[in-house]
Amino acid sequence: MNFWSFVARNRFEIATLTLEHLWIVAFSTLLAMVVGIPLGILITRKRSLHKPVIAAANIIQTVPSLALFGFLLPAPWIGERAERLAILALMLYALLPLIRNTYVGITGVDRATVEAARGMGLTDWQLLYKVELPLAASVILAGIRVALVISIGLATIAAAIGAGGLGELIFRGLAMVNNAVILAGAIPAAAMALLADTVLGWLEKRLAPQRTV
Amino acid sequence: MASSAPTVEFSNVSFVLPDGRPILQDLNFEVQPGEILVLLGRSGSGKTTALKLVNRLLELSSGQLRVEGRSTKDWNPIELRRHIGYAIQDVGLFPHYTVARNIALVPSIQDWPKQRIEARVQELMGLVELDLEIASRYPHQLSGGQRQRVGVARALAADPPILLMDEPFGALDPLTRADLQREFLSLQQQLRKTVLFVTHDLHEALRLGTRIALLEEGSLISLTSWDEFLSSSEPLVKQYVEAFGATDRQREKP
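Keep in mind it's a predicted model, so treat the numbers as computed, not measured. (Residues numbered from 1 in each chain as written. Chains lettered and ligands numbered in written order. Predicted model: local features only at pLDDT ≥ 70, side-chain atom pairs only at ≥ 80, totals over all residues.)

**Quick notes on the overall build of chain A**
- Along its length, chain A carries nine helices and zero strands.
- Helices (α) and strands (β) of chain A occur, in sequence order from the N terminus, as α-α-α-α-α-α-α-α-α.
- In terms of its C-alpha atoms, chain A occupies a principal-axis envelope of roughly 70 × 40 × 25 Å.
- For chain A, the residues scored as buried account for 39% of the 213 residues in total. (Helix = DSSP H or I, 4+ residues; strand = E, 2+ residues; numbered from the N terminus. Buried ≥ 20, exposed ≤ 12 C-beta atoms within 10 Å, placed from the backbone.)

In structure tokens, the structure reads:
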């Protein structure tokens with residue numbers, strides 16, 4: 001069976017799996033942002049937490065993905081559905097680039113700007129949302145971009161625990177020793193990663209601050 | 001002037017770093033309303049630290065510091081800082097804000113009405129001799145002198161009675177620096193702020209200062225009017241004067 005005829009015959013299934021893939025990746029990355037960005041901000045305020053938090057995120061990153069899915073299996077509620085498991089695991093992987101880039105972005109803001117801001121009487125909160133976050137935005141976005149691209153690739157493995165997504169076609173193709181089926185899963189996944197990378201790269205450039213003074 | 005209460009008052013103020021290194025020892029001096037008191041000293045003499053104690057960017061270790069008669073510890077730090085203008089050598093303009101928004105910073109966080117802010121920004125730009133055309137530019141599009149003018153305008157924005165200035169003209173070329181010093185003096189004649197001005201440059205101190213306080217290794221060595229400074233017999237003052245080759249002819253008041 002050649003590639004195009006397989007795609008034509010299974011276009012609805014491919015589309016469904018692509019959407020499933022997109023949903024898992026989008027939701028897990030969003031969760032990672034909700035957790036990772038505040039954590040990154042927190043460790044700029046409490047510097048003593050910097051090392052343990054980054055170390056923890058680093059350790060998570062080193063766990064092989066299949067093993068992480070396995071470790072999370074016994075977790076209550078999460079373990080009941082493969083989809084939840086996949087989202088949690090992908091979220092954990094996405095944490096490191098988000099925490100690290102938020103920290104680097106904020107600590108990289110020009111010291112004189114921060115000192116002047118404090119000297120003018122900005123509250124901590126105003127300093128954060130008027131100065132630090134806007135000036136760190138492009139660096140944080142670079143973190144989101146890395147997290148997203150990693151997640152799109154990793155999410156294919158989530159099919160191994162039955163979470164669906166484009167990995168399903170890849171695993172099926174492997175079992176059938178059929179390249180057409182593998183490609184039907186791999187190509188949309190790769191395209192999704194490229195697209196995400198391009199769009200976020202463009203946004204990142206737009207958000208980059210003018211040369212700091 | 002001597003009869004009025006001091007605006008800023010250091011009483012036995014000391015500052016020690018967390019690692020135990022003393023930076024300021026037992027400082028005693030007052031800044032009188034409407035005067036420019038220059039804190040003169042070499043790098044590491046503690047002059048910048050003394051300045052930051054006033055608006056509580058640093059917290060003093062012992063002694064007492066009063067601003068308008070009230071101990072800085074009794075001020076809410078945010079309120080205190082908004083009451084005091086702050087201009088520094090690196091300016092620290094917000095790179096993502098236009099000139100107008102930079103100047104409007106303190107009024108806008110104090111929720112002034114929009115029209116009043118706009119009027120104030122125009123007034124300030126005129127005051128520091130900035131062309132209104134650059135109001136919509138970003139800091140990286142300005143020259144060093146323009147940036148410093150924006151910094152001064154921003155410090156003056158909410159009309160604070162007190163100004164802290166930390167070598168605000170230090171990074172400029174000599175001609176631009178002289179321009180800004182002259183303009184600052186004439187500005188001060190209109191505004192009569194109470195100014196605490198840090199510099200290591202004796203010429204600047206002589207030109208701007210009503211009085212000059214010389215700091216060395218965290219201690220106050222002398223506090224005199226500018227002309228007394230030149231004729232002082234204090235050895236360190238003499239050294240300073242000799243190093244700069246300063247004579248009383250160098251003083252020119254506008």
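**Some words on the sheet that holds strand 7 (residues 162–166) of chain B**
Residue and element names in this part refer to chain B.
- If you trace the six strands from one edge of the open sheet to the other, you get 6-7-8-3-9-10, paired in mixed fashion. Looking along the sheet, the strands with just one partner apiece sit at the ends: strand 6 (84–88) and strand 10 (219–225). Sheet twist, expressed as the mean angle between neighbouring strand axes with direction ignored, is 15 degrees.
- Relative to the sheet, helix 6 (residues 144–156) contacts strand 6 and strand 7, its axis offset from that of strand 6 by approximately 165 degrees.
- Along the sheet, helix 10 (residues 235–244) makes contact with strand 9 (211–216) and strand 10, crossing strand 9 at roughly 105 degrees. (Pairing = 2+ DSSP bridges. Axes fitted to C-alpha atoms, helices over the stretch in contact; angles between N-to-C directions. Contact = placed C-beta atoms within 7 Å.)

**Topic: unusual backbone geometry**
Residue and element names in this part refer to chain B.
- The phi torsion at Asp26 lies on the positive side, around 50 degrees, for a residue other than glycine.
- The partly exposed category is assigned to Asp26, around which 15 C-beta atoms lie within 10 Å.
- Phi is positive for Asp111, which is not a glycine, with a value near 60 degrees.
- In this fold, Asp111 is placed in the loop between helix 4 (105–109) and helix 5 (114–127).
- On the basis of neighbour counts, which here come to 7 C-beta atoms within 10 Å, the residue Asp111 falls in the exposed class.

**Describing the pairing of strand 1 (residues 8–16) of chain B**
Residues and elements named next belong to chain B.
- Looking at chain direction, strand 1 and strand 2 (residues 22–31) are connected through six bridges and run antiparallel. Counterpart to Glu9 in the pairing with strand 2 is Glu30.
- With antiparallel pairing between neighbouring strands as the criterion, strand 1 and strand 2 make up a hairpin whose turn holds five residues, including Gly20 at a positive phi of roughly 95 degrees.
- The pairing of strand 1 with strand 4 (residues 62–67) spans five bridges and is antiparallel. In the strand pairing of strand 4, Phe10 is matched with Leu65.

**Some thoughts on the interface of chain B and chain A**
- Each side of the interface is counted separately: chain B has 21 residues, and chain A has 19 residues.
- Put simply, the parts of the chain that give the side of chain B that touches chain A at least two residues each are helix 2 (77–82), strand 6 and helix 4 of chain B.
- Residues belonging to the side of chain B that touches chain A are distributed by class as follows: 13 nonpolar, four polar and four charged. (Nonpolar A, V, L, I, M, F, W, Y, C, P; charged D, E, K, R; others polar.)

**Some remarks on the packing of helix 4 (residues 65–72) of chain A against helix 5 (residues 82–107) of chain A**
All names here are of chain A.
- Running from N to C, helix 4 and helix 5 point in directions that differ by 125 degrees, and their axes come no closer than 10 Å. With respect to each other, helix 4 and helix 5 are oriented oblique. Once helix 4 is placed against helix 5, the crossing between them reads as right-handed. Between helix 4 and helix 5, the contacting residues are Ser65, Leu68, Phe69 and Leu72 on the first element and Leu85, Leu88, Ala89 and Leu92 on the second.
- In terms of residue class, the contact of helix 4 with helix 5 is built from seven nonpolar, one polar and no charged. (Parallel < 35°, antiparallel > 145°, perpendicular 65-115°, else oblique. Left-handed = near helix turned anticlockwise from the far one by under 90°.)

**With respect to the packing of helix 5 of chain A against helix 7 (residues 124–154) of chain A**
Residues and elements named next belong to chain A.
- In the contact formed by helix 5 and helix 7, the axes pass within 8 Å of each other and the chain directions differ by 160 degrees. On the basis of their axis angle, the class for helix 5 and helix 7 is roughly antiparallel. Relative to helix 7, the crossing made by helix 5 is right-handed. From helix 5, Leu90, Tyr93, Ala94, Pro97, Leu98, Arg100, Asn101, Thr102, Val104, Gly105 and Ile106 reach across to helix 7, where they touch Glu132, Ala136, Val139, Ile140, Ala142, Gly143, Ile144, Val146, Ala147, Ile150, Ser151 and Leu154.
- The residue inventory of the contact of helix 5 with helix 7, partitioned by class, reads 16 nonpolar, five polar and two charged.

**Here's the deal with the environment of Leu128 of chain A**
- By the element assignment, Leu128 of chain A lies in helix 7.
- According to the C-beta neighbour criterion, Leu128 of chain A is partly exposed, with 17 such atoms within 10 Å.

**A closer look at the pairing of strand 3 (residues 36–40) of chain B**
All names here are of chain B.
- Burial of strand 3 is extensive: five of the five residues sit out of reach of the surface.
- Across the two faces of strand 3 the burial is the same, with Ile36, Val38 and Leu40 and Leu37 and Leu39 all buried.
- As defined by bridge partners, strand 3 adjoins strand 8 (residues 194–199) across five bridges and the pair is classed as parallel. Residue pairing across strands places Leu39 opposite Val198, the latter belonging to strand 8.
- With four bridges connecting them, strand 3 and strand 9 associate as parallel partners. Directly across from Leu40, in strand 9, lies its bridge partner Leu214.

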